[in-house]
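Given next are the chains, with one letter for each unit.
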Amino acid sequence: MKGAVGAASSIVLGAGLAMVAAAPTWAQDLMGQPTPGGIGLQPAASPLKHDAHFFHDVILLPIIVGITLLVLGLLTWIVFRYNKKANPTPARWSHNTTIEVIWTVLPVVILVFISLFSFRLLFAYHDMPRPDLTVKVTGNQWNWAYEYPDQGVAEYVSNMLPEDQLAARGLPHSLYRLAATEPMVVPVGKTVQLVITASDVIHAVALPAFGLKTDAVPGRINTTWFKAERTGVFYGQCSELCGVDHAFMPIEIHVVSQAEFERWIASKGGSMTPKAAAPAAPAAAPAEAPAADAAAAATPAATPAATTQPVPAAAPAAPAAQ
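Residues numbered from 1 in each chain as written. Predicted model: local features only at pLDDT ≥ 70, side-chain atom pairs only at ≥ 80, totals over all residues. Heavy atoms only, no water.

## Things to note about the pairing of strand β10 (residues 250–256)
Note the cut-off: Type-normalised accessible area, obtained with a 1.4 Å probe on protein chains alone, sets the label of each residue: buried when under 20%, exposed when over 50%, and partly exposed for intermediate values. Per the convention used, a helix needs a DSSP run of H or I reaching at least four residues, while a strand needs a run of E reaching at least two, with both numbered from the N terminus. In this analysis, strands are considered paired if DSSP registers two or more bridges between them.
Burial analysis of β10 places 6 of its 7 residues in the buried class, which makes it a mostly covered element. Taken together, the 4 bridges between strand β4 (residues 184–187) and β10 define a ladder with parallel strand orientation. When the bridges of β10 are listed, V186 appears paired with V255.

## Notes on the sheet that holds strand β2 (residues 143–148)
Put simply, the rule reads: Axis lines are fitted through C-alpha atoms, for helices just across the contact stretch, and the angle between N-to-C directions can take any value from 0 to 180 degrees.
With mixed pairing, 5 strands are arranged side by side in an open sheet as β3-β2-β1-β5-β8. The sheet is open, and its two edges are formed by β3 (153–158) and β8 (222–227), each paired on a single side. Recorded for the sheet is a direction-independent mean angle of 25° between the axes of neighbouring strands. Pairing of strand β5 (residues 191–198) with β8 involves 6 bridges; the strand directions are antiparallel. Among the inter-strand pairings, I196 is bridged to a residue of β8, identified as N222.

## With respect to the environment of P129
Along the chain, the position of P129 falls in the loop between α4 (97–126) and β1 (133–140). P129 sits 97 residues away from F226 along the chain, and the two C-alpha atoms are 9.7 Å apart.

## Here we look at the pattern of salt bridges
So the rule is basically this: When a carboxyl oxygen of Asp or Glu lies within 4 Å of a side-chain nitrogen of Lys or Arg, that pair is called a salt bridge.
Under the defined criterion, the tally for this structure stands at 1 salt bridge. Ionic pairing is found between K268 and E182, a salt bridge with its closest N-O pair at 3.2 Å. Of the two residues, K268 sits in the loop between α5 (258–267) and α6 (281–308) while E182 sits in the loop between β3 and β4, which places them 86 residues apart along the sequence. Judged by its relative accessible area of 29%, K268 falls in the partly exposed class. What makes E182 partly exposed here is its relative accessible area of 27%.

## What to know about the packing of helix α3 (residues 47–81) against α4
The following threshold applies: If an angle is under 35 degrees, it is roughly parallel; if it is over 145, roughly antiparallel; if it lies from 65 to 115, roughly perpendicular; otherwise it is oblique. Note on convention: near helix rotated counterclockwise from far helix by under a right angle means a left-handed crossing. Clockwise means right-handed. We call two residues contacting when some pair of their heavy atoms lies within 4.5 Å. Residues were grouped as follows: Ala, Val, Leu, Ile, Met, Phe, Trp, Tyr, Cys and Pro as nonpolar; Asp, Glu, Lys and Arg as charged; and all remaining residues, including Gly, as polar.
Packing of α3 against α4 brings their axes to within 10 Å, and their N-to-C directions diverge by 165°. One element, α3, and the other, α4, form an angle in the roughly antiparallel class. Crossing of α3 over α4 shows left-handed handedness. In contact with L48, D51, A52, F54, F55, I59, L60, I63 and I67 of α3, α4 contributes I110, F113, I114, F117, S118, L121, A124 and Y125. Of the residues in the contact of α3 with α4, the class split is 15 nonpolar, 1 polar and 1 charged.

## Things to note about α3
Condition: The span one expects for a helix is its residue count, reduced by one, times 1.5 Å. Here the bend at a residue is taken as the angle between two axes, fitted respectively to the seven residues that end there and the seven that start there.
Between its first and last C-alpha, α3 extends 50 Å over 35 residues, near the 51 Å set by a 1.5 Å rise per residue. A bend of about 35° at L60 is the largest found in α3, and the proline P62 appears one to four places after it. Considered for burial, the residues of α3 that qualify are L48, K49, A52, H53, F55, I59 and I63. Residues of α3 that are buried make contact with α4, β7 (212–216) and β8.

## Details of a nonpolar patch on the surface
Rules: Exposure above 30% relative accessible area and no salt bridge define the residues that can form patches, which grow by joining like charges within 9 Å and nonpolar side chains of Val, Leu, Ile, Met, Phe, Trp and Tyr within 5 Å. A 1.4 Å probe and the Shrake-Rupley method give the accessible areas. Residues count as covered only by the protein chains that appear here.
A contiguous nonpolar surface patch, about 520 Å² in accessible area, is contributed by L70, L74, W77, I78 and Y82. If you trace the backbone, W77 turns up in helix α3.

## Topic: the side chain of H203
Examined against the element boundaries, H203 turns out to sit in strand β6 (residues 203–207). Residue classification places H203 among the buried residues on the basis of a relative accessible area of 0%.

## Details of the packing of aromatic side chains
Put simply, the rule reads: Here the aromatic set is Phe, Tyr and Trp, taking the six-membered ring for Trp, and pairing holds for ring centres within 6.5 Å; pairs whose planes are under 30 degrees apart are stacked, those over 60 apart are edge-to-face, and all others are tilted.
With the rule as written, the count across this model stands at 11 aromatic pairs. With 4.5 Å between their ring centres and 5° between their planes, F210 and F226 make a pair best called stacked. Residue F210 is located in the loop between β6 and β7, and its partner F226 is located in strand β8; the two are separated by 16 residues in the primary sequence. Pair check on accessibility: F210 and F226 agree, each one buried. Between F261 and W264, the ring centres sit 6.4 Å apart and the planes meet at 25°, which makes this aromatic pair stacked. Taken as a pair, F261 and W264 lie in helix α5 at a separation of 3 residues, close to a single helical turn.

## Brief notes about the pairing of β5
Along β5, 8 of the 8 residues are buried, which leaves the element largely enclosed by surrounding structure. On β5, burial covers both faces: T191, Q193, V195 and T197 on one face and V192, L194, I196 and A198 on the other are all buried. In terms of strand pairing, β1 meets β5 through 7 bridges, oriented parallel. By the bridge assignment for β5, G139 is matched with A198.

If you want it as structure tokens, here you go:
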């Protein structure tokens with residue numbers, strides 16, 4: 001038993017030393033993409049993801065660790081205190097009201113405490129500020145299509161960038177299956193509304209750096225939003241098992257300055273100035289009304305003059321041919 005305890009202590013100590021040694025690696029997490037060997041959440045690049053980090057790191061993680069240690073301690077105590085050798089004559093009782101009340105009430109209290117922060121985060125996701133930009137995202141088997149309705153940018157398709165084109169774009173091989181042929185482009189510091197749907201089966205838009213994961217359902221519109229805090233390139237993927245090429249549906253987002261975004265919109269044939277709406281038909285009616293009234297007023301005056309003229313007699317019929 002002492003040998004087992006010593007071995008367990010050595011394992012725990014070794015794990016602790018390994019975690020301390022790996023601490024410099026944690027500080028080098030890549031922004032907007034997975035970090036090789038990383039064990040934590042991706043760095044946050046939007047307010048929603050910062051809130052999600054707080055909820056996970058400050059609320060959930062300590063509670064999970066506390067419950068795990070409590071259960072481990074109870075199990076350890078029971079194993080050593082109530083084994084057959086240490087307790088040859090077991091007790092005959094099977095219920096304890098105090099313990100049963102505690103293990104019923106305590107989980108309820110913990111869940112209520114978690115819900116206070118969980119609902120707050122949920123409301124933050126659903127209470128979207130006034131959007132500065134709307135992007136329609138459509139999931140297809142197996143690619144994404146993007147459209148900017150307010151800027152007049154027609155739908156374009158974004159496929160996975162082939163492996164042999166990564167070097168041509170100066171991208172590392174680690175971005176294979178993350179880089180896309182056509183990225184979504186948005187301005188930094190603006191509230192971007194994503195209108196998400198699908199054309200065939202259920203997909204899901206997952207953007208870890210922005211804390212987003214929203215289903216794309218055929219025949220249904222789901223909306224979500226983000227506000228990028230910094231420029232850069234951010235990667236996501238489809239996170240719903242949508243078919244044989246599910247693993248080949250990357251999402252690449254370029255967050256750029258406002259000037260760069262306007263140039264990109266122009267290169268796609270769009271415009272930052274919304275087109276003026278055509279005048280509605282009822283608006284033209286008042287301008288035409290005076291002319292119609294004048295015509296109507298003139299008609300009764302002309303009618304009596306026409307009726308005062310004598311009607312000529314009908315011409316006699318021609319004699320029949322002999």
